[in-house]
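Letter by letter, the chains look like this.
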Amino acid sequence: LLLQAEEAMRSAKGMGHSNYQAYVVMPEESQRQRLALEEKLRKAERNGELRVYYQPQIDGRTEDIVGMEALIRWENPELGMISPGFFIPLAEQTGLIVDLGLWVLRAACADARRWQARFGLPLRVSVNLSALQLRQGDLVERIGAVLAETGLDPRSLDLEVTESISLKAIPNLLATLQALREIGCRTSIDDFGTGQSSLDYIKRFPADSIKIDQAFVRNIGVDPDDEAIVRATIDMAHNLGRTLVAEGVEVERHVEFLRAHGCDVLQGYLFCRPVPAATFEAMLIERERL
Ligand code: C2E
Ligand code: CA
Ligand code: CA
Ligand code: CA
């Protein structure tokens, strides 16, 4: 079922829909399994099956760690580890994403605050926001409450919004992002270059950073056209006063190219895969000893 659904998701994505909008069409028997899965997901938080994994973000100049992206994981005793690429769309369709998103935000802010205090580092944590969360009228207040509750400085919280989110679906998106910046948070456009944004949209999008999609980064050293797009995006970001983050950095030649062209922040398997909080903390301890 999982493979089937992921396949459907991929082809829907390929047809130009974002994974947030894709409705998975499945045979009727799978429909029942889907409902069973939804029921399990509904209980996941209460049953302690949710985890936040962290992937380090690296300064392009100094190569020191500047922060981490929080990525949700669901570990079910029967189903094993379920990829967010699969259950996030399900959570979107069922509305469960609102609670899951808030759970991730709380955990991420609490972990970041604890690590900042323990290691004396100005670590920044990036949290993904989904379309449904952004449609909630009280999102800014909720985020403000989590910051107050965890004691994290708003400037240490970066909220990522995928570029493929449609303004039609969320009419007040730009105002919401602006309001988040006004309470001191940072904002990022995620998966940049894969949606259908116009340059005018980019200009008006209140984001501190632009995260160029892995699809372009992957082809550095392979496709000169993708290299040109990466270079142009770095320049555009800088000329608009935004920070440029590259994700999906997998090999040394990606780093060489990105550094040579002034990319600010690097994230990818080459440095580290997303890891459990305890592993991330162990890495910070290791770094301190060096
Ligand atoms: P994303 O926000 O674009 O996150 C980056 C994804 O790329 C992560 O997949 C990460 O593990 C993967 N990645 C990082 N470095 C590399 C690399 O070098 N090579 C390759 N091939 N992949 C790399 P992950 O963790 O499976 O998450 C998939 C997507 O699920 C995320 O894409 C995001 O859209 C969504 N997601 C994850 N956690 C959350 C969450 O807490 N809330 C919401 N709303 N969405 C989430
Ligand atoms: Ca992201
Ligand atoms: Ca991304
Ligand atoms: Ca992505």
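Residues numbered from 1 in each chain as written. Chains lettered and ligands numbered in written order. Predicted model: local features only at pLDDT ≥ 70, side-chain atom pairs only at ≥ 80, totals over all residues. Heavy atoms only, no water.

1. Digging into the overall build of the protein chain
Then, in step 1: Across its full length, the protein chain holds 12 helices and 10 strands.
Then, in step 2: Rg of the C-alpha trace for the protein chain: 19 Å, near the compact-globule value of 19 Å for 290 residues, within the 12% margin.
Then, in step 3: Across the 290 residues of the protein chain, 49% fall into the buried class.
Then, in step 4: Excluding contacts between residues fewer than 6 apart, the proportion of contacts in the protein chain whose partners are at least 24 apart in sequence is 68%.
Then, in step 5: The centroid of the 33 positive side-chain charges in the protein chain is displaced by 3 Å from the centroid of its 43 negative side-chain charges. (Helix = DSSP H or I, 4+ residues; strand = E, 2+ residues; numbered from the N terminus. Rg over C-alpha atoms; globule rule 2.2 N^0.38 Å. Buried < 20%, exposed > 50% of the residue type's maximum accessible area, 1.4 Å probe, protein only. Contact = heavy atoms within 4.5 Å. Lys, Arg positive; Asp, Glu negative; His and termini not counted. Charge placed at Lys NZ, Arg CZ, Asp CG, Glu CD.)

2. Here's the deal with the site of ligand 1
Then, in step 1: As a structural note, the neighbourhood of ligand 1 is formed by 22 residues, with Q55, R73, Q214, E250 and Y269 the closest of them.
Then, in step 2: At a separation of 3.1 Å, an oxygen atom of ligand 1 approaches a polar side-chain atom of N128.
Then, in step 3: Y269 is positioned such that a nitrogen or oxygen atom in its backbone is 2.8 Å from an oxygen atom of ligand 1.
Then, in step 4: Protein coverage of the free-state accessible area of ligand 1, which is 800 Å², stands at 86%.
Then, in step 5: Elements with a contribution of two residues or more to the shell around ligand 1: β2 (65-76), α3 (84-94), α4 (97-119) and β6 (186-192).
Then, in step 6: Per-element tally for the shell around ligand 1: the top contributor is β2, with four residues. (Near = heavy atom within 4 Å. Polar contact = N/O pair within 3.5 Å; in protein donor to acceptor, adjacent residues only side chain to side chain. Areas by Shrake-Rupley, 256 points an atom, 1.4 Å probe, with all protein chains shown as cover.)

3. A closer look at the nonpolar core
Then, in step 1: Grouped together as the largest cluster of nonpolar side chains are 80 residues, with contacts concentrated most on I143, L157 and L258.
Then, in step 2: With 12 residues, the top contributor of residues to this core is α4.
Then, in step 3: Each residue touching I143, except ones within four places of it in the same chain, is listed here: L105, L129, L157, L159, L180 and C185. (Core = buried A, V, L, I, M, F, W, Y, C linked by side-chain atoms within 4.5 Å.)

4. Topic: the coordination of the calcium ion (ligand 2)
For a metal with four tetrahedral donors the ideal donor-metal-donor angle is 109.5 degrees, whereas six octahedral donors ideally subtend 90 or 180 degrees.
Then, in step 1: Within the first shell, the calcium ion (ligand 2) binds the protein through E69 (OE), N128 (OD1), E160 (OE) and D190 (OD), at distances of 2.1 to 2.3 Å.
Then, in step 2: All donor residues of the calcium ion (ligand 2) come from one chain, and their arrangement in sequence is E-x58-N-x31-E-x29-D.
Then, in step 3: Taken as a pair, the calcium ion (ligand 2) and the calcium ion (ligand 3) show a spacing of 4.0 Å, with D190 coordinating each metal. Of this pair, E160 sits in strand β5 (residues 157-162) while D190 sits in strand β6; the two residues are 30 residues apart in sequence, bridging distant segments of the chain. (Donors = N, O, S within 2.8 Å, 3.2 Å for Na, K, Ca; no water.)

5. Comments concerning the packing of aromatic side chains
Then, in step 1: According to the stated counting rule, one finds five aromatic pairs in the structure shown.
Then, in step 2: On the numbers, 5.1 Å between centres and 80° between planes, the contact of Y54 with W115 is edge-to-face. Residue Y54 is found in strand β1 (residues 50-59), and its partner W115 is found in helix α4; the two are separated by 61 residues along the sequence.
Then, in step 3: A residue is classified by how much of its surface remains accessible, and Y54, at 0% relative accessible area, is buried. (Phe/Tyr/Trp six-rings, centres within 6.5 Å; stacked < 30°, edge-to-face > 60°.)

6. Remarks on the environment of L157
Then, in step 1: With respect to the element layout, L157 can be found in strand β5.
Then, in step 2: Note: C-alpha distance between L157 and V127 (30 residues apart in sequence) is 7.6 Å.
Then, in step 3: The contact partners of L157, leaving out residues within four places of it in the chain, are L105, C109, V125, V127, I143, L147, L152, C185 and R186.

7. Some thoughts on helix α12 (residues 277-289)
Then, in step 1: Given a rise of 1.5 Å per residue, 13 residues ought to cover 18 Å, and the 19 Å separating the end C-alpha atoms of α12 matches this to within 8%.
Then, in step 2: For α12, the complete set of buried residues consists of F280, E281 and L284. Considered in projection along α12, the buried side chains sweep an arc of 100° and stay on one side of the axis. Exposed side chains of α12 directed beyond 90 degrees from the buried face belong to A278 and R289.
Then, in step 3: Buried positions along α12 lie against β1, β2, α4 and β10 (275-276). (Expected span 1.5 Å × (residues − 1). Arc of directions from axis to C-beta.)

8. Things to note about the confidence of the model for the protein chain
Then, in step 1: A residue-level look at the protein chain finds 91% of positions with pLDDT of 70 or above and a mean pLDDT of 91.
Then, in step 2: Below pLDDT 50 for its whole length, residues 11-22 participates in 14 contacts with residues either more than four positions away or in separate chains.
Then, in step 3: Predicted complex, confidence summary: ipTM 0.98, pTM 0.91. (pLDDT = per-residue confidence, 0-100.)

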